[in-house]
Amino acid sequence: MLGLLKKTCGVCLIGMGLGILLVLLLPITGWLFLIGAAVLILGLIWLSC
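Every value quoted in this text rests on a predicted model; they were computed, and no experiment measured them.

A. Representation of the overall build of the protein. Helix and strand counts for the protein stand at 2 helices and 0 strands. Buried positions account for 20% of the 49 residues belonging to the protein. Within the protein, residue pairs in contact and separated by at least 24 positions form 53% of the contacts whose partners lie at least 6 positions apart.

Here it is as structure tokens:
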């Protein structure tokens, strides 16, 4: 059960990071891009643990 919850949170983080990156690439602003990349990387790290 805990493993399933962990994977679900990781997938949600990856999806949110990709969403931030794809939506915010229209007006390219550095700090918003970094937030999206950080959330995406955090989700990938979360899944790999």
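B. Broad picture of the environment of Thr 8. Here Thr 8 shows up in helix 1 (residues 2–24). Overall, Thr 8 belongs to the partly exposed group, its relative accessible area being 39%. Remark: the alpha-carbon pair of Thr 8 and Leu 47, spanning 39 residues in sequence, is separated by 8.7 Å.

C. Up close: the environment of Gly 10. Looking at the secondary structure, you find Gly 10 in helix 1. Judged by relative accessible area, Gly 10 falls into the buried class, the value being 0%. It is 7.9 Å that separates the C-alpha atoms of Gly 10 and Leu 42, two residues lying 32 residues apart in sequence. The contacts of Gly 10, once residues within four sequence positions are left out, are Gly 43, Trp 46 and Leu 47.

Cut-offs and rules
- Residues numbered from 1 in each chain as written.
- Predicted model: local features only at pLDDT ≥ 70, side-chain atom pairs only at ≥ 80, totals over all residues.
- Heavy atoms only, no water.
- Helix = DSSP H or I, 4+ residues; strand = E, 2+ residues; numbered from the N terminus.
- Buried < 20%, exposed > 50% of the residue type's maximum accessible area, 1.4 Å probe, protein only.
- Contact = heavy atoms within 4.5 Å.

Spatial relationships are all this shows, so hold off on functional conclusions.
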